[in-house]
Amino acid sequence: MASTNFRPLHDRVVVKRVESEEKTKGGIIIPDTAKEKPAEGEIIAVGSGVRDDKGALVALDVKVGDRVLFGKWSGTEVKLDGVDLLIMKESDIMGVIG
């Protein structure tokens, strides 16, 4: 798991993409130019949560280490400590794997 000094705010999370397979099930090697960016990743940092109508802090449903699925165009790509990461809102996450 990557460590970072970056702490997202409110309902944002930092996600590291999980690399896709180099071959198809039939054994065909996929060149880098034809690969789609995977929509699966691992959460490496989470914000503190959001405030409800009464001002109480509501924690996020995801936690560090969760493997998640997200939309193809979700989040903002950033590079921290030489690692490509995504910063996105928790609402951009479709679900937790496992």
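Below: a short report on this structure. Please read all numbers here as calculations on a predicted model, not as lab measurements.

What counts, and where the lines are drawn
Residues numbered from 1 in each chain as written. Predicted model: local features only at pLDDT ≥ 70, side-chain atom pairs only at ≥ 80, totals over all residues. Heavy atoms only, no water. Helix = DSSP H or I, 4+ residues; strand = E, 2+ residues; numbered from the N terminus. Contact = heavy atoms within 4.5 Å. Pairing = 2+ DSSP bridges. Axes fitted to C-alpha atoms, helices over the stretch in contact; angles between N-to-C directions. Salt bridge = Lys/Arg side-chain N within 4 Å of Asp/Glu carboxyl O. Buried < 20%, exposed > 50% of the residue type's maximum accessible area, 1.4 Å probe, protein only. Core = buried A, V, L, I, M, F, W, Y, C linked by side-chain atoms within 4.5 Å. Patch = residues over 30% accessible without salt bridge, like charges linked within 9 Å, V, L, I, M, F, W, Y side chains within 5 Å. Areas by Shrake-Rupley, 256 points an atom, 1.4 Å probe, with all protein chains shown as cover. Polar contact = N/O pair within 3.5 Å; in protein donor to acceptor, adjacent residues only side chain to side chain.

**A word on the environment of Phe6**
Okay, so step 1: Note on placement: Phe6 falls in the segment before β1 (12-17).
Okay, so step 2: Sequence separation between Phe6 and Asp81 is 75 residues; the distance between their C-alpha atoms is 9.9 Å.
Okay, so step 3: Not counting chain neighbours up to four residues away, the residues in contact with Phe6 comprise Val14, Ala45, Leu80 and Ile87.

**Examining the sheet that holds strand β8 (residues 93-97)**
Okay, so step 1: An order of β6-β7-β1-β2-β5-β8 is seen for the 6 strands of this open sheet, with the pairing classed as antiparallel. The outermost strands of the open sheet, each flanked by one partner alone, are β6 (76-80) and β8. This sheet shows a mean twist of 45° between the axes of neighbouring strands, independent of strand direction.

**Let's talk about the pattern of salt bridges**
Okay, so step 1: According to the stated counting rule, one finds 4 salt bridges in the structure shown.
Okay, so step 2: We note a salt bridge from Glu77 to Arg17, for which the minimum N-O separation is 3.5 Å. Taken together, the positions of Glu77 in strand β6 and Arg17 in strand β1 put the pair 60 residues apart, joining distant regions of the chain.
Okay, so step 3: On the accessibility criterion, Glu77 (48% relative accessible area) is partly exposed.
Okay, so step 4: Residue classification places Arg17 among the buried positions, given a relative accessible area of 18%.
Okay, so step 5: Residues Lys79 and Asp84 are paired through a salt bridge, measuring 3.9 Å at the closest nitrogen-oxygen approach.
Okay, so step 6: Asp84 sits in the exposed class, given a relative accessible area of 54%.

**Quick notes on the nonpolar core**
Okay, so step 1: Among the nonpolar cores identified, the biggest contains 10 residues, and these are Val13, Val15, Ile43, Leu60, Val62, Val68, Phe70, Leu86, Met88 and Ile93.
Okay, so step 2: Elements supplying a minimum of two residues to this core: β1, β5 (67-70) and β7 (83-89).
Okay, so step 3: Setting aside chain neighbours within four positions, we find Val13 in contact with Pro8, Ile43, Ala45, Val46, Leu60, Val62, Leu86, Ile87, Met88 and Ile93.
Okay, so step 4: Membership of the second largest hydrophobic core comes to 5 residues, among which are Val14, Ala45, Leu85 and Ile87.

**Considering a nonpolar patch on the surface**
Okay, so step 1: On the surface, a cluster of nonpolar side chains totalling about 290 Å² of accessible area is made up of Leu69, Met94 and Ile97.
Okay, so step 2: Within the element layout of this structure, Met94 appears in strand β8.
Okay, so step 3: Met94 sits in the exposed class, given a relative accessible area of 62%.

**Focus on the environment of Glu90**
Okay, so step 1: Here Glu90 lies in the loop between β7 and β8.
Okay, so step 2: Note: C-alpha distance between Glu90 and Asp61 (29 residues apart in sequence) is 8.2 Å.
Okay, so step 3: If sequence neighbours within four positions are ignored, Glu90 has contacts with Asp11, Leu60, Asp61 and Val62.
Okay, so step 4: Looking at Glu90, its side chain comes within polar contact range of the main-chain nitrogen of Val62, at 3.4 Å.

As far as function goes, none of this settles anything; it's purely spatial.
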